[in-house]
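Chain by chain, the residues:
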Amino acid sequence: MYDIIVIGGGPAGLTAALYARRANKSVLVIEKDAFGGQITHSPKVENIPGFYSLSGNEFAEKLVEQVMLQGADVESCQVLSVSDGGEYKTVKTDDGDFTCKAVIIATGTKHRMLGIENEEDFIGHGISFCAVCDGAFYKDKTVAVIGGGNSALQEAILLSKLCCKVYLIQNLDFFTGEASLSEQVKNTDNIEIMLGTVVNALHGDTDGELSKITVENTLSSQTSEIDVDGMFVAIGLVPQNEIFASLIALDERGYIKADEGCETNVRGIFVAGDCRTKKIRQVATAASDGATAALDACDYVDGR
Ligand SMILES: Cc1cc2nc3c(=O)[nH]c(=O)nc-3n(C[C@H](O)[C@H](O)[C@H](O)COP(=O)(O)OP(=O)(O)OC[C@H]3O[C@@H](n4cnc5c(N)ncnc54)[C@H](O)[C@@H]3O)c2cc1C
């Protein structure tokens, strides 16, 4: 029996565990993959307060160590479901069940992938999902942005200010983002628009860094190769919340509904980080949510 079980060991979940332990609650953090979450995919992070520059892995190691030193328990297994028994909640995993008084869900999101065979190998080695985070590493270089919605258009505009050339590649023959953004993209000299085009192969150099992509015109089926230093994939995020769909309220895109207090519609179940409804999804905002959710969960456990 734990006071609080945190589902997900990314920046949100680990920060929640840190705050809850410092409030003297018994805490278990359950993580299915790598403790540290998505940020472990980033070789260089320069916008975490207090750290001038470090790799995502270094940051994750420091955070996990800090949480362990505070005495949180950790389990490497996958949560399959949560059931609400009122005062007590049961967290079912692929390695047994755990009981607690409060749950903090911090399961993050996954970037929608293109579905190309060796795509995972290039994440952090040329493939990025965030121009704000990684754009500076491609200063004066050539990149491709994949997608045609608002995120892709914004990424292309931002990158056009840093890079010498940006290919904007969209599978449909029109953009789905706002007209004003589409106009801005069309009026930017160093953005080359490729509509009705899909990426169907990725090629690396001898160091395993992305160096070339093969694209195919969906109408003519003609293929060509483009030399790139980086590729930003902006075809959407997928929250990892399916297992909670019958328990708590999700919005139409699958994010857990919560206000700034990080409370869900079920008493004793809280949410933190990228998996909840919010505007900005970054390490700093995930950590902020973790602190808020943990302090609210502590109040709940204390009957306040
Ligand atoms: C390549 C890349 C570069 C980035 N660069 C930056 C940057 O420079 N600066 C910045 O601020 N942000 C950056 N981000 C964004 C940042 O990583 C996220 O905003 C942040 O990690 C969100 O934290 P989180 O804890 O909410 O979610 P996540 O980091 O996604 O962690 C959620 C965790 O929950 C686990 N989980 C999910 N479902 C289950 C389950 N059923 N059972 C058990 N565990 C589960 C997942 O395995 C994951 O480890 C980057 C993201 C990527 C992908």
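Our structure's up above, just so we're on the same page.
Residues numbered from 1 in each chain as written. Predicted model: local features only at pLDDT ≥ 70, side-chain atom pairs only at ≥ 80, totals over all residues. Heavy atoms only, no water.

## Quick word on the overall build of the protein chain
Heads up, the condition is: Each helix is a run of H or I in the DSSP string that is no shorter than four residues. Each strand is a run of E no shorter than two, and both are numbered from the N terminus. In this setup the radius of gyration rests on C-alpha atoms only. A globule is expected at 2.2 Å times the number of residues raised to 0.38. A 1.4 Å probe rolled over the protein chains alone gives each residue an accessible area, and that area as a share of the maximum for its type sets the label: buried under 20%, exposed over 50%, partly exposed in between. By the convention used here, residues are in contact when the closest approach between their heavy atoms is within 4.5 Å. We get accessible surface area from the Shrake-Rupley algorithm with a probe of 1.4 Å; when it comes to residues, only the shown protein chains can shield them.
Of the regular secondary structure elements, the protein chain holds six helices and 17 strands. Taken against the 2.2 N^0.38 rule, which gives 19 Å for 304 residues, the C-alpha radius of gyration of the protein chain at 21 Å falls within 12% of a compact globule. For the protein chain, buried positions account for 50% of its 304 residues. A separation threshold of at least 6 residues defines the contact pool for the protein chain, and within that pool the share at least 24 residues apart is 56%. Per element, the accessible surface of the protein chain, about 14500 Å² overall, is 47% carbon and sulfur.

## Some words on unusual backbone geometry
Although it is not a glycine, N24 sits at a positive phi angle of roughly 70 degrees. Counting through the fold element by element, N24 comes out in the loop between α1 (11-22) and β2 (27-31). Phi is positive for S221, close to 65 degrees, though the residue is something other than glycine. Positionally, S221 belongs in the loop between β13 (210-217) and β14 (223-227). Of the residues examined, S221 reaches a relative accessible area of 46% and is grouped as partly exposed.

## Looking at the state of the cysteines
By definition, a disulfide links the sulfur atoms of two cysteines through a covalent bond. Our working definition: Any two cysteine sulfur atoms lying within 2.5 Å of each other are counted as a disulfide.
A complete count under the given rule lists one disulfide for this structure. A disulfide bridge connects C130 with C133, and the sulfur atoms are separated by 2.0 Å. Every disulfide takes its handedness from the sign of the S-S torsion; for C130 and C133 that torsion is 75 degrees, giving right-handed. The class of C130 is buried, set by a relative accessible area of 15%. Cysteine C77 shares no disulfide, and the gap to the nearest cysteine sulfur, in C100, comes to 13 Å. For C262, which is in no disulfide, the shortest distance to another cysteine sulfur is to C275 and amounts to 9.3 Å.

Purely geometric numbers; function is a separate question.
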